[in-house]
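# Residue-level structural notes
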Amino acid sequence: MQKLGLIIVAAAFFVLSSALYTVDETQTAIKLRLGEIVSVEKEPGLKFKMPFVNNVVKFDDRVQTLDAPSERFLTGEKKNVIVDSYVKWRIVDAEQFYKSTGGNLARTNNRLAQIIKTGLKSEFSKRTIADVVSGERSEIMSNIATLAKKDISEFGIEIVDVRIKRIDLSQEVSNSVYRRMQAERQRVAKEFRSKGAEEAEVIRAAADKERTIILADAYRDSEIIRGEGDAISASNYAKAYSKNADFYSFHRSLESYKKSFSNQNDIMVLNPNTEFFRHFNPAVK
């Protein structure tokens, strides 16, 4: 009798636990009866169902992430690029989602991946490598998000965001881009060198002109000063000569002797009775 009571209690507990279920605040629950939707539960809390008749399927209302595998696409220049992207999405109509996908997340992700791949292929085929790498990435993501929203409208989900994480160039394209960049840098460097050489020539010509002018002015001023000095010197000599002609003649002769006999190796052949030696020979007048 006691064992029967335990069995009854256990059976009642099993039936009661099968009749109750909980809905979390991050979930939406669909109650089914023999495969048909009976109700959609969005309010969190403890819920009741008929055991063995109803079953419950729960879906996460939070944002889901589809990290799509890297894909290779052709640009408008027929160059290969490798694109890594992801999609943020969430369920907004659990009933429609269940009807269209059977609640299969893998099927939904596969469909989304195909839609994003088609959109990327279309967008990249319209643009050059420079456009997709730098200037128009935001426009590409916006266009793909708009396209995806139209294609998944019957799935009961919404696209929150579409992002391109990375765009890599294939090896042959990378080499081509590098060579083009190298040629462009060399062209710019050559242009800068040419302009630098031209400016250097202008500066050098201006400096040479200024140098020539400065030297000419200096030579002119020196000649003027030298002339003025010679005039003063001649005047002083004339005054000295007029005051004492013999002393002046003697001084000038000594200066001549000094300059003539400055080198011991010099040899002079002169008549001792000439005017040059008159201070050596008092007999010479």
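Scroll up for the structure.
Residues numbered from 1 in each chain as written. Predicted model: local features only at pLDDT ≥ 70, side-chain atom pairs only at ≥ 80, totals over all residues. Heavy atoms only, no water.

### Describing the packing of helix α2 (residues 94–101) against helix α3 (residues 105–125)
To be explicit about the condition: Only the contacting stretch of a helix is used when fitting its axis, a line to C-alpha atoms as for every element, and angles between N-to-C directions run 0 to 180 degrees. Secondary structure elements follow DSSP: runs of H or I no shorter than four residues count as helices, runs of E no shorter than two count as strands, and numbering proceeds from the N terminus. Should an angle lie under 35 degrees it is considered roughly parallel, over 145 roughly antiparallel, and from 65 to 115 roughly perpendicular; all remaining angles are considered oblique. In what follows, residue pairs with any heavy atoms lying within 4.5 Å of each other are defined as contacts. Three residue categories are used. Nonpolar comprises Ala, Val, Leu, Ile, Met, Phe, Trp, Tyr, Cys and Pro, charged comprises Asp, Glu, Lys and Arg, and polar comprises the others, including Gly.
It is the contact of α2 with α3, at a shortest axis distance of 10 Å, that shows an interaxial angle of 85°. Comparing their axes, α3 and α2 come out roughly perpendicular. When α2 is examined against α3, the residues F97, S100 and T101 are found in contact with a partner set consisting of L105, R107 and T108. Across the contact of α2 with α3, the residue classes tally to 2 nonpolar, 3 polar and 1 charged.

### A short note on the packing of α3 against helix α5 (residues 137–151)
Convention followed: A clockwise turn of the near helix away from the far one marks a right-handed crossing, whereas an anticlockwise turn of less than a right angle marks a left-handed crossing.
Running from N to C, α3 and α5 cross one another at 135°; their axes reach a closest spacing of 9 Å. Classified by the angle their axes make, α3 and α5 are oblique. Along this stretch, α3 crosses α5, giving a crossing that reads as right-handed. Contacts from R111, I115, I116, G119, L120, E123 and F124 of α3 reach α5 at I140, N143, I144, L147, A148 and D151. Of the residues that constitute the contact of α3 with α5, the class distribution is 8 nonpolar, 2 polar and 3 charged.

### What about the pattern of salt bridges?
Let me state the cut-off plainly: Here, a salt bridge means any side-chain nitrogen of Lys or Arg that lies within 4 Å of a carboxyl oxygen of Asp or Glu. The rule is simple: take the accessible area with a 1.4 Å probe, protein chains only, and divide by the maximum for that residue type; under 20% is buried, over 50% is exposed, in between is partly exposed.
Taken as a whole and assessed by the stated rule, the structure comprises 17 salt bridges. Ionic pairing is found between K165 and D67, a salt bridge with its closest N-O pair at 3.0 Å. Of this pair, K165 sits in strand β9 (residues 157–169) while D67 is found in strand β6 (residues 64–67), placing the two residues 98 residues apart along the sequence. You can call D67 partly exposed: its relative accessible area is 47%. Taken together, the shared-partner salt bridges in this structure form one network comprising E123, K126, R127 and E139.

### Points about the sheet that holds strand β5 (residues 54–60)
Short version of the rule: Should DSSP find at least two bridges between two strands, the strands are taken to pair.
Across the sheet, 3 strands lie side by side as β3-β2-β5; this open sheet has antiparallel pairing. Both edges of this open sheet fall to β3 (36–41) and β5, since each of them pairs with a single strand only. Across the sheet, the mean angle from the axis of one strand to that of its neighbour is 25°, orientation sign disregarded. The pairing of strand β2 (residues 27–33) with β5 spans 7 bridges and is antiparallel. Following the sheet pairing, T28 is matched in β5 by F59. Packing against the sheet, α2 makes contact with β2, β3 and β5, and its axis sits at approximately 60° to β2.

### Things to note about α2
Formally: What the arc describes is the spread of directions from the helix axis to the C-beta atoms. For the purposes of these results, a polar contact is taken to be a pair of N or O atoms within 3.5 Å, where, inside protein, one atom must be able to donate a hydrogen and its partner to accept one; residues adjacent in sequence count only when each atom of the pair is a side-chain atom.
Along α2, the positions that sit buried rather than exposed are A94, F97, S100 and T101. Here the buried residues of α2 occupy an arc of 135° about the axis, which is enough to place them on one side. If you follow the buried residues of α2, they end up packed against β2, β5, β8 (80–91), α3 and β9. A distance of 3.3 Å separates the backbone nitrogen of E95 from a side-chain oxygen at the start of α2, and that oxygen is part of D93. Residue G102 follows α2 closely and has a positive phi angle near 70°.

### Digging into the nonpolar core
Selection rule: Throughout, nonpolar core names a set of buried Ala, Val, Leu, Ile, Met, Phe, Trp, Tyr and Cys residues whose side chains join them through atoms within 4.5 Å.
If you look at the biggest cluster of nonpolar residues, it comprises 31 residues, and the most contacted ones within it are W89, L120, F124, I157, I159 and I164. When contributions to this core are tallied by element, the ones reaching two or more residues are β2, β8, α2, α3, α4 (129–135), α5 and β9. In this structure I164 touches V83, D84, S85, L120, F124, R137, I140 and M141, once residues within four positions along its chain are discounted.

### Some words on a nonpolar patch on the surface
Basically, it comes down to this: Patch membership requires over 30% relative accessible area and the absence of a salt bridge. Like charges are linked within 9 Å, and nonpolar side chains (Val, Leu, Ile, Met, Phe, Trp, Tyr) within 5 Å. Each accessible area is a Shrake-Rupley estimate made with a 1.4 Å probe; only the visible protein chains count as cover when residues are assessed.
A cluster of nonpolar side chains, L20, L46, F48, M50, F52 and V53, forms an exposed patch at the surface whose accessible area comes to about 630 Å². Tracing the backbone shows L20 in strand β1 (residues 20–23). Of the residues examined, L20 reaches a relative accessible area of 35% and is grouped as partly exposed.

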